[in-house]
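Spelled out from the first residue to the last, the chains are:
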Amino acid sequence: MSEMEVLDCVIVGGGPGGLTAGLYAARARMSVVILERGAPGGLLATTDHVANYPGFPEGITGLELAELMRRQAESFGAEVTYGEATALEPGREYHTVRTEGREYRAKTVILATGTTHRPLGVPGEERLRGKGVSYCATCDGAFFRDREVAVVGGGDSAVQEAMFLTRFARKVTVVHRRDKLRATPIIQERAFETSGLEFRWNAVVTEVLGEEKVEGVRLWDTKTGENAGVLPVDGVFVYIGLLPNTEFARGAVEMDAAGYLVAGPDMATSVPGIYAVGDVRVTSLRQVATAVGDGAMAAVAAYEHLG
Ligand code: NAP
């Protein structure tokens, strides 16, 4: 495509929502480009085991599922290309998505940029990132064979990834700020049965310790309001929730206070012709299954918008 060409649709983000939107848009014979800043799949691709996506009763790795979705979208003509959106400029005739050194013009835009794991924001975290501090157990777990690690958080991500880490680490301690997990009951049940997995309740990490690499975490007891000592670990995996990837769209479309995109039932944002799907939109459930449904819905709405 030439730089001046106006596409029918640009999809920003190549996770499950974006890839499904691409599949549906391509099948509707729209000219469509999917911009992805990393490897297709988004957070899905960093998930070791997906057990709740229908059609895969034995489960499937996130990477494999993402790859299948990409292949399917491309087989119908969607073009997946590398690019990180830096700006979104709504227009009357077409909308513009800018990346570093390039711009894409399209009559419709589907925002599927998902979320990133939220950092702890404590001393030592940034300095020791990649030196024992990680946000991706699937990527880094194998470096911790026979070591001891902490996983911070009590949601699905923390508990699921903590179980995964027991394959490598000698001991995995989930550090959670309350005494009840937020994770889905079936994930909790499995976790409580997993050997090598321990829980440190009512605790938060106040500092990541170590010079060249992580040597421990300093804990604070949320019940007593007192210092709870140091947990000696070689690694810290942080899963304390998500942050929407929407900086590039700030001011262009409506967002809530946390930066999630506001979209109606057909995924339309506050700007006609711009849609938001998957984890990045204001929603009560963030799953592969919901992102996929959003993607299909948005592509059909975008097709109708073209008239
Ligand atoms: P989440 O559900 O938002 O859970 C975040 C966890 O971190 C909570 O337990 C929270 O504690 C804790 N937390 C938040 N801020 C903290 C802080 N400053 N210090 C210490 N702890 C803090 O995030 P998530 O687990 O990443 O999941 C995100 C979404 O993806 C969810 O909708 C989840 O269901 C979905 N997901 C689903 C699956 C699956 O279905 N298999 C797998 C992964 C993710 P509180 O509990 O006290 O609030």
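Predicted model only: the values in this text are computed from it and were never measured.

### Focus on the overall build of the protein chain
Here's step 1: Of regular secondary structure, the protein chain possesses 6 helices and 17 strands.
Here's step 2: Its C-alpha atoms give the protein chain a radius of gyration of 21 Å, within 12% of the compact-globule value 19 Å for 307 residues.
Here's step 3: Overall, the C-alpha framework of the protein chain stretches about 60 × 40 × 35 Å when taken along its three principal axes.
Here's step 4: In the protein chain, which comprises 307 residues, the proportion classed as buried is 50%.
Here's step 5: Within the protein chain, counting contacts between residues at least 6 apart in sequence, those at least 24 apart form 59% of the total.
Here's step 6: In the structure as shown, the protein chain presents an accessible area of about 14700 Å², 50% of it carried by carbon and sulfur atoms.
Here's step 7: Seen as two clouds, the 31 positive and the 40 negative side-chain charges of the protein chain have centres 2 Å apart.

### Let's talk about the pairing of strand E9 (residues 148–152)
Here's step 1: In terms of burial, E9 is a largely internal element, 4 of the 5 residues being buried.
Here's step 2: As judged from the 5 bridges shared by E9 and strand E10 (residues 171–175), these two strands associate in the parallel manner. Within E10, the position partnered with Ala150 by the bridge is Thr173.
Here's step 3: In terms of handedness, the path from E9 via helix H4 (residues 156–165) over to E10 forms a crossover that is right-handed.
Here's step 4: Two elements, E9 and strand E15 (residues 235–238), share 4 bridges in a ladder whose sense is parallel. From the neighbouring strand, Val152 faces E15, where its bridge partner is Val238.

### Some points on the packing of aromatic side chains
Here's step 1: Summed over all chains, the structure comprises 5 aromatic pairs.
Here's step 2: Summarising the aromatic geometry, the rings of Phe199 and Trp201 are spaced 5.0 Å apart at their centres and angled 5° between planes, so their arrangement reads as stacked.
Here's step 3: Aromatic ring contacts, followed pair by pair, group Phe192, Phe199 and Trp201 into a single cluster.
Here's step 4: In this structure, Arg27 packs its charged tip against the face of Phe76, placed 4.6 Å from the ring centre.
Here's step 5: When the ring centre of Tyr260 is taken as origin, the NZ or CZ atom of Arg286, which lies over that ring, is 4.1 Å away.

### Focus on the site of the ligand
Here's step 1: In the vicinity of the ligand lie 18 residues, with Asp156, Ser157, Arg177, Arg178 and Arg182 positioned nearest.
Here's step 2: Asp156 has a polar side-chain atom sitting 2.7 Å from an oxygen atom of the ligand.
Here's step 3: Between the ligand and the protein, one listed contact pairs an oxygen atom with a side-chain N or O atom of Ser157 at 2.8 Å.
Here's step 4: Counting residues per element, the shell around the ligand draws most heavily on H4, at 3 residues.
Here's step 5: Residue classes in the shell around the ligand are distributed as 4 nonpolar, 9 polar and 5 charged.
Here's step 6: Each of domain 1 (6–116 + 242–306) and domain 2 (119–238) gives at least three residues to the shell around the ligand.

### So, the packing of helix H1 (residues 16–27) against helix H2 (residues 62–75)
Here's step 1: At a minimum axis distance of 8 Å, the contact between H1 and H2 shows a crossing angle of 20°. Between H1 and H2, the crossing angle belongs to the class labelled roughly parallel. Where H1 crosses over H2, the two elements pack in a sense that is left-handed. Counted together, Pro16, Leu19, Gly22, Leu23 and Ala26 of H1 and Ala66, Met69, Arg70, Gln72 and Ala73 of H2 form the full contact between these two elements.
Here's step 2: When the residues that make up the contact of H1 with H2 are grouped by side-chain class, the tally is 7 nonpolar, 2 polar and 1 charged.

### A word on the domain arrangement of the protein chain
Here's step 1: The domains assigned to the protein chain are domain 1 (6–116 + 242–306) and domain 2 (119–238).
Here's step 2: The C-alpha centroid of domain 2 is placed 31 Å from the C-alpha centroid of domain 1.
Here's step 3: Across the contact, 6 residues belong to domain 1 and 9 residues belong to domain 2.
Here's step 4: Of the roughly 470 Å² buried between domain 1 and domain 2 on both sides combined, carbon and sulfur atoms contribute 48%.
Here's step 5: Inspection of the domain 1/domain 2 interface yields 1 salt bridge.
Here's step 6: Between Arg167 and Asp48 there is a salt bridge, with the nearest N and O atoms lying 2.8 Å from each other.
Here's step 7: Where domain 1 touches domain 2, the interface holds 3 residue pairs in polar contact (both at pLDDT 80 or more).

Thresholds applied
Residues numbered from 1 in each chain as written. Predicted model: local features only at pLDDT ≥ 70, side-chain atom pairs only at ≥ 80, totals over all residues. Heavy atoms only, no water. Helix = DSSP H or I, 4+ residues; strand = E, 2+ residues; numbered from the N terminus. Rg over C-alpha atoms; globule rule 2.2 N^0.38 Å. Buried < 20%, exposed > 50% of the residue type's maximum accessible area, 1.4 Å probe, protein only. Contact = heavy atoms within 4.5 Å. Areas by Shrake-Rupley, 256 points an atom, 1.4 Å probe, with all protein chains shown as cover. Lys, Arg positive; Asp, Glu negative; His and termini not counted. Charge placed at Lys NZ, Arg CZ, Asp CG, Glu CD. Pairing = 2+ DSSP bridges. Right-handed = clockwise from strand over helix to strand, strands pointing away. Phe/Tyr/Trp six-rings, centres within 6.5 Å; stacked < 30°, edge-to-face > 60°. Lys NZ or Arg CZ within 6 Å of the ring centre and 35° of its normal. Near = heavy atom within 4 Å. Polar contact = N/O pair within 3.5 Å; in protein donor to acceptor, adjacent residues only side chain to side chain. Nonpolar A, V, L, I, M, F, W, Y, C, P; charged D, E, K, R; others polar. Domains from an automatic or database assignment. Axes fitted to C-alpha atoms, helices over the stretch in contact; angles between N-to-C directions. Parallel < 35°, antiparallel > 145°, perpendicular 65-115°, else oblique. Left-handed = near helix turned anticlockwise from the far one by under 90°. Buried area = accessible area lost by both parts, 1.4 Å probe. Salt bridge = Lys/Arg side-chain N within 4 Å of Asp/Glu carboxyl O.

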